[in-house]
Amino acid sequence: HRDLHSFPTRRSSDLDAVLIDPGDDEDLIIQKLKNHNLEPIAIINTHAHLDHIGAVHSLKEKFQIPFYLHEKEKFILDTYEVTCRMFDMLPKETPEVNIWLKDEDKVTIDAFHFITINTPGHTPGGTCFKIENHLFVGDTLFLGSVGRTDLPGGDWSTLESSLIHLLNSVNHSSIVHSRSEGVV
């Protein structure tokens, strides 16, 4: 359980924000948004593990915003409650996906232009998001490590291929945001 699992991404010229991987502490996220006078317009997730989606339903309802997730994460999302019990956690309401992402694509949410990079391995539909010179990698990549593959849907050889694909798909001067840090 970390302090903030969300990346409120905003354009410098306005107060709109897209929440990336909002984690499970909606009250903290709401407070951070208020502190920075940000208005969320969407939620987009790199994957659907319990520590990434616990707050999604509440945030969707409070702000009336859509939730984006890769279609190959449906299995992980559908097992959210079971996985919570595995880790002795009380599940929150499973969020409903508004927009299923498919293959690598360009996703536009108002003034935000994301490029999706499929990086399965940690989960079947793991996705990284590039916006301008920022790369949001979820649990695909950490400082000095990579995502675990021992949970249902994980596969080490797939993750290895995804890491090579990721390295070949991005500018190496990109600013990488992994799940181990929160940004506001």
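Structure's up top.
Bear in mind the structure is a predicted one, so any value in this text is a computation, not a measurement.

Rules and cut-offs
Residues numbered from 1 in each chain as written. Predicted model: local features only at pLDDT ≥ 70, side-chain atom pairs only at ≥ 80, totals over all residues. Heavy atoms only, no water. Pairing = 2+ DSSP bridges. Helix = DSSP H or I, 4+ residues; strand = E, 2+ residues; numbered from the N terminus. Axes fitted to C-alpha atoms, helices over the stretch in contact; angles between N-to-C directions. Contact = heavy atoms within 4.5 Å. Parallel < 35°, antiparallel > 145°, perpendicular 65-115°, else oblique. Left-handed = near helix turned anticlockwise from the far one by under 90°. Nonpolar A, V, L, I, M, F, W, Y, C, P; charged D, E, K, R; others polar. 1 Å grid on protein atoms, 1.4 Å probe; cavity = no way out; pocket = protein on both sides within 12 Å on 5 of 7 lines; lining within 4 Å. Points joined across faces, edges and corners; volume = space filled by probe spheres on them. Core = buried A, V, L, I, M, F, W, Y, C linked by side-chain atoms within 4.5 Å. Buried < 20%, exposed > 50% of the residue type's maximum accessible area, 1.4 Å probe, protein only.

### Brief notes about the sheet that holds strand S12 (residues 175-178)
Note on sheets: strands pair through backbone hydrogen bonds, and any given pair is parallel or antiparallel.
No. 1: Spatial strand order, S6-S7-S8-S9-S12: 5 strands in an open sheet with mixed pairing. Two strands lie at the open edges of the sheet, namely strand S6 (106-109) and S12, each paired on one side alone. Sheet twist, expressed as the average angle between the axes of neighbouring strands with direction ignored, equals 25°.
No. 2: Where S6 and strand S7 (residues 112-118) come together, 4 bridges link them in antiparallel fashion. Bridge pairing in S7 places Val107 opposite Phe114.
No. 3: Here helix H6 (residues 156-169) sits on the sheet in contact with S7, strand S8 (127-131) and strand S9 (134-138), set at roughly 140° to S7.

### Examining the packing of helix H1 (residues 26-35) against helix H3 (residues 56-63)
No. 1: Here H1 crosses H3 at 45°, and the two axes come no closer than 9 Å. In terms of orientation, H1 lies oblique with respect to H3. Taken as a pair, H1 and H3 cross one another with a handedness that is right-handed. Of the residues in H3, those in contact with Glu26, Ile29, Ile30 and Leu33 of H1 are Ser58, Leu59, Lys62 and Phe63.
No. 2: Among the residues making up the contact of H1 with H3, the classes are represented as 5 nonpolar, 1 polar and 2 charged.

### Concerning empty space enclosed by the protein
No. 1: The full count for this structure, using the stated rule, is 1 cavity of 30 Å³ or more.
No. 2: Space inside the largest cavity adds up to approximately 30 Å³.
No. 3: For the largest cavity, the full set of lining residues is Thr46, His47, His122, Thr123, Gly126, Thr127, Val137, Gly138, Asp139 and Thr140.
No. 4: For the lining of the largest cavity, the class distribution of residues is 1 nonpolar, 8 polar and 1 charged.

### Re the nonpolar core
No. 1: Of all hydrophobic cores here, the largest spans 22 residues; its most connected members are Ile43, Ile53, Leu59 and Phe67.
No. 2: Elements with a minimum of two residues in this core: strand S2 (16-20), H1, helix H2 (50-53), H3, strand S4 (67-70), helix H4 (74-78) and helix H5 (80-86).
No. 3: Leave out the neighbours within four places in its chain, and Ile43 touches Leu19, Pro22, Val56, Leu59, Lys60, Ile65, Pro66, Phe67 and Tyr68.
No. 4: Judged by nonpolar contacts, the second largest core, of 14 residues, contains Ala42, Phe129, Ile131 and Phe136.

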